[in-house]
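# Overview (structure and organization)
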Amino acid sequence: MKNFLLPLLCAGALLALPACAKKAATSPGSASAPEKKIQIGYLVKQPEEPWFQFEWKGATAAGAQHDFEVVKLGVTDGEKVMSAIDNLAAMGAQGFVICTPDVRLGPAIMNRAQQAGLKVITVDDQLVAGDGKFMTSVPYLGMSATQIGRDVGTELFREMQHRGWKAEDTGLCTVTFEELDTARARTDGAIAALKDAGFPASRIFKGAQKTTDIPGSFAAANIVLTQHPTVKHWLICALNDTGVLGAVRAMEDRGFTAENVIGIGINGTDCIDELRKSKPTGFFGSMLVSAPQEGFRTAELLHQWIATGVAPPPDTRTAGIFITRDNFEQVLKKEGIIP
Ligand code: FCA
């Protein structure tokens, strides 16, 4: 764990990933005939989000290390996913990693991929079948969502106590996106940890985001704020940094500041500018998960699967570490997320 931030939970067991430098999965080929490099696609649902740009960066680094090519594609809707798969097949790619814009596209994605003979690994958002169950036959790597959510709740409570806020003056603004399992597990985890710590259930308020961007979380938080005008201090949790950032902005519009807001995000990649602001805001901190390492590892596993036939582990989970204004530069540097 020294040279690798994130312990990974794989099939329920805690293990440390090998360092990025390890393992030389070689392309099949010989000294004589030069062969075309293995190509893989890396498809992400929100290419504008720094999280996914850092995943791409990690995947590209894996390609440079193991000598394969990564085709980066933004797939913001189902149609784009399907044409991306067709294009990858046409260019001779042999597989792709995907964070899908809609997990219910699972069966359609897998049909198309299988017809084209492409191997698939899912990252972040696990595919769901027609019966609503996870498609566990497709290898998956993603966050330990419940645990990371619990960590958010624990830190929110700790900071609230540190500031001496009374529960009766405080509210939890939970920006939710419950149709996505990893999102629901994160906010449920935060709520569970707060309740376990003694935060009253009656002070927990939810606002659903329709879209997982700043306007979506801004609108969701606004509804919560309108419904609960007497709350003096706010705690905020959401599925990710963007969810918390929208809520912080909505609170600022109503006069709340860093003094009476504690928001803790998840990702740690989408709050760098916020934490760098000269004056603190209500965005107190984030659970950092290493997007470059997720990108590196999924690309590496897919390449290995294609090159050597060794299938990836079915289910790998990443953990998070808490960053605030006090330590984020240092931690992000150490993780290679910022120079
Ligand atoms: C989901 C979220 C992303 C990131 C990822 C790990 O896909 O939308 O922001 O948190 O999980």
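Residues numbered from 1 in each chain as written. Predicted model: local features only at pLDDT ≥ 70, side-chain atom pairs only at ≥ 80, totals over all residues. Heavy atoms only, no water.

### With respect to the pattern of salt bridges
Going through the model one piece at a time under the given rule, you end up with 17 salt bridges. Between Arg112 and Asp86 there is a salt bridge, with the nearest N and O atoms lying 2.9 Å from each other. Taken together, the residues Arg112 in helix H3 (residues 106-115) and Asp86 in helix H2 (residues 78-90) connect sequence positions 26 residues apart. Residue Asp86 is classed as partly exposed on the basis of its relative accessible area, which comes to 35%. Between Lys232 and Asp169 there is a salt bridge; the shortest N-O distance is 3.8 Å. A residue pair is termed long-range when its members are at least 10 positions apart, and Lys232 in the loop between helix H6 (214-227) and strand S10 (233-237) and Asp169 in the loop between helix H4 (145-162) and strand S8 (170-176) qualify at 63 residues. (Salt bridge = Lys/Arg side-chain N within 4 Å of Asp/Glu carboxyl O. Helix = DSSP H or I, 4+ residues; strand = E, 2+ residues; numbered from the N terminus. Buried < 20%, exposed > 50% of the residue type's maximum accessible area, 1.4 Å probe, protein only.)

### Topic: the sheet that holds S8
A sheet is described by the order of its strands in space; here 6 strands give the open sequence S9-S8-S10-S11-S12-S14, paired in mixed fashion. Edge positions in the open sheet fall to strand S9 (204-208) and strand S14 (321-324), since each of these has one partner strand only. Taking the axes of each pair of neighbouring strands and ignoring which way they run, one obtains an average angle of 20° across the sheet. Pairing geometry for S8 and S9, over 5 bridges, is parallel. Within S9, the residue paired with Leu172 across the bridge is Ile204. (Pairing = 2+ DSSP bridges. Axes fitted to C-alpha atoms, helices over the stretch in contact; angles between N-to-C directions.)

### Things to note about the pairing of strand S3 (residues 39-44)
Counting buried positions along S3 gives 6 out of 6 residues, so the element sits mostly inside the fold. In S3, alternate side chains face the same way, and those of Gln39, Gly41 and Leu43 on one face and Ile40, Tyr42 and Val44 on the other are all buried. Bridge count for S3 against strand S4 (residues 69-74) is 6 bridges, and the pairing is parallel. Bridged to Val44 within S4 is Gly74. Of the pairings in the sheet, the one linking S3 to strand S5 (residues 95-99) comprises 5 bridges and is parallel in character. Within S5, the position partnered with Gly41 by the bridge is Phe96.

### A look at the side chain of Asn260
Tracing the backbone through its elements, the reader meets Asn260 in the loop between helix H7 (241-253) and strand S11 (261-267). At 2.8 Å, the side chain of Asn260 forms a polar contact with the backbone nitrogen of Thr257. If we skip the residues at most four places from it in the chain, Asn260 touches Trp165, Lys232, His233 and Trp234. (Polar contact = N/O pair within 3.5 Å; in protein donor to acceptor, adjacent residues only side chain to side chain. Contact = heavy atoms within 4.5 Å.)

### Some remarks on the nonpolar core
In this structure, Leu156, Leu172, Trp234 and Leu235 are the most contacted members of the largest nonpolar core, which totals 75 residues. Among the elements that line this core, the one with the most residues is helix H9 (residues 291-308), at 8 residues. For Leu235, the contacting residues outside a window of four places in its chain are Leu156, Met160, Trp165, Thr170, Gly171, Leu172, Cys173, Leu194, Phe199 and Ile262. Ala84, Ala93, Ala113 and Leu118 belong to the second largest nonpolar core, which has 20 residues in total. (Core = buried A, V, L, I, M, F, W, Y, C linked by side-chain atoms within 4.5 Å.)

### Remarks on the packing of H4 against helix H5 (residues 181-197)
Across the interface, H4 lies against H5 with an axial gap of 6 Å and an inter-helix angle of 40°. Here H4 is positioned oblique relative to H5, judged by the angle of their axes. Handedness of the crossing formed by H4 with H5: right-handed. Residue-level inspection shows Ala145, Thr146, Gly149, Arg150, Val152, Gly153, Thr154, Leu156 and Phe157 of H4 in contact with H5, the latter providing Thr182, Ala185, Arg186, Gly189, Ala190, Ala192, Ala193, Leu194, Asp196 and Ala197. Partitioning the contact of H4 with H5 into residue classes produces 10 nonpolar, 6 polar and 3 charged. (Parallel < 35°, antiparallel > 145°, perpendicular 65-115°, else oblique. Left-handed = near helix turned anticlockwise from the far one by under 90°. Nonpolar A, V, L, I, M, F, W, Y, C, P; charged D, E, K, R; others polar.)

### Some words on unusual backbone geometry
Where the residue is not glycine, phi is negative for most of them; where a peptide bond is considered, it is trans in most cases. Positive phi, close to 60°, is recorded for Asp67, a residue that is not glycine. Here Asp67 lies in the loop between helix H1 (50-66) and S4. Positive phi, close to 70°, is recorded for Asp124, a residue that is not glycine. As for its position among the elements, Asp124 is in the loop between strand S6 (119-123) and strand S7 (140-143).

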